[in-house]
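# Structural description and commentary
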Amino acid sequence: MLFTIPAFASERYDPRLKFRTIATLNFDIHFHQGEDSQARRLATIAEQVASELEPRFGRPRGRVHVILVNQDDASNGWATPFPINVIEIVAAAPSAASLIGNTDDWLRLVFTHEYTHILHLDRSRGIFGGLRRVFGRHPVLMPNIFVPTWQIEGLATYAESAVTGRGRVPAGDFRLLLDRGAAGGRFASLDRASSARVAWPSGHTPYLYGAYFHQYLAERYGESSLVQLADATAGRVPYLGSRAYRNVFDRSLGELWTAFERDTDARLSEVTDAATRLTHHGFAVSAPVFAADGRLYYALSDPHGFPAVMVREPDGETRQLTRRVGGGQLSATGDRLVFDQAEFVRSIGVQGDLFVADRVTGESRRLTREMRAGDPDVSPDGQTIVFTVQEADRRSLATLPLAATGEAPQLLMTDAGDHYASPRWSPDGRYIAAELRHTGGPSTIAVIDYARRAIVATINAPGSHRHATPSWTRDGRWILFAAEAGDEPFRIYLAHLEGGRVRVLANAARGGRSPVQSPDGRTLVFVGLTAGGYDLFSIDWDRAEWIDTMEPSASGVTQSTLGPMAIDPGGPRIAEYNPWRTLAPRFWTPIVEIDDDETSIGGATSGVDALGRHAYAVGAAWSTRARPDWYVSYAYDRWRPTFFAGISDETDPWRGGTVRSREVNAGLTVPFRTFRRTQRVFGSFHASTDEFVRAASDAPVTVTIDRRALRGGWSFTTARSYGFSISTEDGVSASLSTEWSPEGLGSSGTSSAAIADVRAFLPAFPLHGVFALRAAGASAWGDENAVRQFGAGGSGPRFAGASFDRDAIGLIRGFETGDVAGTRTVVLNADYRVPLAWIERGAGTWPFFLRSVHGALFADAGAAWTTRYARDRRRASVGLELSADVVVGYSVPFTLASGIAWRHDPTGRATGAAFFARVGRAF
């Protein structure tokens, strides 16, 4: 994943983490307590992977900083070449069922992917290479950053497989996404693959199409052609890299993409499927489980709403049971459903915990807290939960009484390098079947004797190194599971616990996983793949055709074959993390400003250390004026809250003279974040001096206004939008900001101000329609020469947050901000927003993508006054808006809006229709 390094460390890493650094020949590995062994192994992996990739792609410029962090339960990684080369790797390894689960060594796989990003993006050729010698590591001088995302992620995904032999390219379940899309007439055109896409396969699109397109090129033109392409695009003007394809391949990118589509079609084969489709959600349906009464529960995540646990009644009706974020499998027992879900821990790490819900009402409560628990299953007697516990170098099995309150879990199976997933109790409660992978080896299905706490059998499908999602038949004699043999997709298998037979389901389409048998034993239900994503399928047990394969055998656990760690000749260096080594400026940006025949010339730079604890920006520009314009800002974010400070001095033309503005801001801010609600508080000191100098016939006139203020604010939101949303779709948000500017602090006069903003969003007809409501008010009081004024007019956008500008709350479309202003201002807004068309089209690899078109009916009203409220201080408008959601630069979304407002102005100065346009939603 490509990423731009953020400055806020306390929003990236738990402040309790104490980082140290291992220095190798080419890398600095930054890791925290509890990760020592993993960090040393990663240091070895990094040098080995570098020795394999650098002969193909060259070396990066400068050292590479690799951050290993164990605070999230979801496997992930990202990389950025700006302003320094940084890679972050989440220590948690994926399960075999994951789309990134085709690996026997997670650290090696993810590092290979992310290091490919560094080698690809940290390249500049021709004029860009020359300019980098002058301006440094400026992102504009890294042209490969500006190629389509499928080219960036596709090369890295291809390389992860070329180097490790695993990864996504040879994985049958990943290839099946492409094949099912092509077979269903949904092969992505070049424009749809090039920009951020919501329609299935959604976020997988750049990885999927990019990986197999690069494989297609490598097979026909040789792997060296991919390096030639990376070099060619590294010398192209940003966003015009597609022209390099004809130079390298003698064919245009469009011609190559068409040939790639034809090649994909030629690989398709006939599908025999006797299964019946039970659900039609698409996207991500997972974790089916039956209750004893025949109800079928499963998890759903799609772009239409909040992730949820769904229930399918025996009569086929489906409904939402409860909302749920992330998580693995479900378990039904009695009248309860036990499940895991993810939550922010101290507003930063995303970790799993166990919850229990009523199977009918959906009312839920939390069972564990900060336990990093997942994949729960309740024993047949309803007393004990078995589940996984995530750690830095392993994922263990543990148990906990279902009725426990604050009781510590009991570890059942744990060993360094062992990763368990999807444990399931046998019907008699004697055994637990679970996926098991030891680092360096394939995954297998392990059968654990619960009383002895020992593995008594392992089950493998022939030729498969990925075994996942086991469950038991109702008689307890057979184990159902999914396995992927070679480069084939997952298939459903059935293994006899004692007889040794392994059978494969022959008359269901390949790609099935998470098999479960119904309580009456008559039906097999599993997750299958369609052109629109994953859904549930079923087949009558009597109609299922099982073909014998071979007897299961115990899997040998292989050890990693990593060699000795490559380190500096002086030996390994482990030291406390030192941010100062990465804080020096690495680039500068020229500043050229032309204003009223006056030209200013200068430069700016910024920097952030590898962990984001310190961030700064400085800039200055000189002109014919007596002094330069300049600014300095800094943020320190090692702990919560974040401290920020900034100072600036600038001079601008003003009414035939000049205005010199000097400003200082310093303060603290801290967020409180969960998946369902977010709060943020801040406090700051603001000081400004505005010196107005106006030329006069005899002598200049100078007026100075000083403001010294203490500011505070709070914001809260439960408002959410989803993939197919045209606006924030449900929830509420509120913000409150205050300012106190006393003369005793040095202000020209004493004044205060308060601003409040409340918004509500209600789902409406049709799907993704929205009723959006807003009420905002601002009040200021104090000395006449210092008190603030606020305007009620303006066509937006009005973002929620702390602002004390004249247009802080104003939103009456068709009016200008200053049409009506005063020290007291109130505004009411109501929108009915409706989707008109979902388009998702662009033009080739041009960096402009039209996502959707939507409209709105609106009504705005407001008033502003100073001494007393009067009718002539009111304004109102009603009208229509037409908006388009677009994506620029392949990944940056924003909204273009225009409309017409019919205005009501009691003074008669502004009446009739007025047209307006803006960038962004009104509110």
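Each remark here, short or long, concerns the structure printed above.
Read on for a plain summary of the structure. Keep in mind that what you see is a predicted model, and the values were worked out from it rather than measured.

Residues that lie three or four places apart on an α-helix share one face, since the helix turns once every 3.6 residues. With 16 residues, helix α4 (residues 149-164) extends 22 Å from end C-alpha to end C-alpha; this agrees with the ideal 22 Å at 1.5 Å per step. Counting buried positions along α4 gives 13 out of 16 residues, so the element sits mostly inside the fold. Remark: Gly-165 follows α4 within two positions and exhibits a positive phi of approximately 80°.

What follows deals with the pattern of salt bridges. This structure, assessed with the given rule, holds 54 salt bridges. Of the charged contacts, one joins Arg-346 and Glu-370 as a salt bridge, the two residues approaching to 3.0 Å between their closest N and O atoms. You can see Arg-346 sitting in the loop between β12 (336-345) and β13 (349-358) and its partner Glu-370 sitting in the loop between β14 (364-366) and β15 (373-378), a full 24 residues away along the chain. According to the relative accessible area criterion, Glu-370 is partly exposed, its value standing at 41%. Here the salt bridges do not stand alone but share partners, grouping Arg-813, Asp-831, Arg-833, Asp-860, Glu-881 and Arg-918 into one network.

So, about the nonpolar core. Formed by 86 residues in total, the largest nonpolar core has its most connected members in Ile-89, Phe-111, Tyr-115 and Phe-213. Ranked by size, the runner-up nonpolar core spans 22 residues in total, among them Ala-753, Val-770, Ala-792 and Ile-809.

This paragraph deals with the sheet that holds strand β27 (residues 513-517). Strand order in the open sheet formed by 4 strands is β6-β29-β28-β27, and the pairing between neighbours is antiparallel. Looking at strand neighbours, the two that pair on one side only are β6 (276-277) and β27, the edges of this open sheet. As paired elements, β6 and strand β29 (residues 533-540) share 2 bridges and run antiparallel to each other. From the neighbouring strand, Arg-277 faces β29, where its bridge partner is Phe-537. Helix-sheet contacts for helix α5 (residues 172-183) involve β27, β28 (523-530) and β29, and the interaxial angle to β28 is about 70°.

As enumerated under the stated definition, the model contains 37 aromatic pairs in all. Look at Phe-526 and Phe-537: their rings are 6.2 Å apart centre to centre, the planes differ by 15°, and that puts the pair in the stacked class. Note that Phe-526 is positioned in strand β28 and Phe-537 in strand β29, a separation of 11 residues in sequence. With relative accessibility at 3%, the residue Phe-526 sits in the buried group. In this structure Phe-537 comes out as buried when scored by relative accessible area, which is 8%. Centre to centre, the rings of Phe-858 and Phe-916 are 6.0 Å apart; their planes meet at 70°, and the pair counts as edge-to-face.

Right, let's talk about the pairing of strand β24 (residues 478-485) for a bit. Across a regular strand the side chains alternate sides, sitting on one face of the sheet and then on the other. Within β24, 7 of the 8 residues are buried, leaving the element largely enclosed by the surrounding structure. Hairpin remark: strand β23 (residues 464-472) followed by β24, antiparallel, with 5 residues in the connecting loop; positive phi at Gly-476, about 75°. Pairing between β24 and strand β25 (residues 490-496): 7 bridges, direction antiparallel. Across the sheet, residue Phe-481 finds its bridge partner in β25, namely Tyr-493.

All right, on to the packing of helix α1 (residues 36-57) against α4 then. Two measures define how a pair of helices packs: the angle their axes make with one another and the distance between the axes. Contact geometry for α1 and α4: axes closest at 11 Å, N-to-C directions at 125°. Between α1 and α4, the crossing angle belongs to the class labelled oblique. Crossing of α1 over α4 shows right-handed handedness. Here α1 contributes Glu-52, Leu-53, Arg-56 and Phe-57 to the contact with α4, which in turn contributes Leu-155, Ala-159, Ala-162 and Val-163. Among the residues making up the contact of α1 with α4, the classes are represented as 6 nonpolar, no polar and 2 charged.

The next point concerns a negative patch on the surface. A surface patch of negative charge is lined by Glu-593, Asp-595, Glu-650, Asp-652 and Glu-663. Looking at the negative patch, the elements with two or more residues in it are β32 (589-595) and β36 (642-654). Assignment of secondary structure puts Glu-663 in strand β37 (residues 657-673).

Here we come to unusual backbone geometry. In this chain, Arg-640 is followed by Pro-641 through a cis amide linkage whose omega measures 5°. Structurally, the position occupied by Pro-641 is in the loop between β35 (629-636) and β36. At the junction of Gly-796 and Pro-797, the peptide bond is cis and its omega measures out at 0° in the coordinates. Secondary-structure assignment places Pro-797 in the loop between β43 (790-791) and β44 (821-822). Backbone geometry places Asp-250, a non-glycine residue, at a positive phi of 60°. Relative to the helices and strands, Asp-250 is located in the loop between α9 (244-249) and α10 (253-267). What makes Asp-250 exposed here is its relative accessible area of 62%. For Phe-283, which is not a glycine, the phi torsion comes out positive at approximately 60°.

With that settled, the discussion passes to the sheet that holds strand β7 (residues 284-290). The sheet built from 4 strands is open, its strands ordered β7-β8-β9-β10 with antiparallel pairing. Where the open sheet ends on each side, the last strands, each with one partner, are β7 and β10 (318-323). Within this sheet the neighbouring strands show an average axis-to-axis angle of 30°, counted without direction. Pairing of β7 with strand β8 (residues 296-301) involves 5 bridges; the strand directions are antiparallel. Bridge pairing links Val-285 to Leu-300 in β8.

Calculation criteria
Residues numbered from 1 in each chain as written. Predicted model: local features only at pLDDT ≥ 70, side-chain atom pairs only at ≥ 80, totals over all residues. Heavy atoms only, no water. Helix = DSSP H or I, 4+ residues; strand = E, 2+ residues; numbered from the N terminus. Expected span 1.5 Å × (residues − 1). Buried < 20%, exposed > 50% of the residue type's maximum accessible area, 1.4 Å probe, protein only. Salt bridge = Lys/Arg side-chain N within 4 Å of Asp/Glu carboxyl O. Core = buried A, V, L, I, M, F, W, Y, C linked by side-chain atoms within 4.5 Å. Pairing = 2+ DSSP bridges. Contact = heavy atoms within 4.5 Å. Axes fitted to C-alpha atoms, helices over the stretch in contact; angles between N-to-C directions. Phe/Tyr/Trp six-rings, centres within 6.5 Å; stacked < 30°, edge-to-face > 60°. Parallel < 35°, antiparallel > 145°, perpendicular 65-115°, else oblique. Left-handed = near helix turned anticlockwise from the far one by under 90°. Nonpolar A, V, L, I, M, F, W, Y, C, P; charged D, E, K, R; others polar. Patch = residues over 30% accessible without salt bridge, like charges linked within 9 Å, V, L, I, M, F, W, Y side chains within 5 Å. Areas by Shrake-Rupley, 256 points an atom, 1.4 Å probe, with all protein chains shown as cover. Lys, Arg positive; Asp, Glu negative; His and termini not counted. Charge placed at Lys NZ, Arg CZ, Asp CG, Glu CD.

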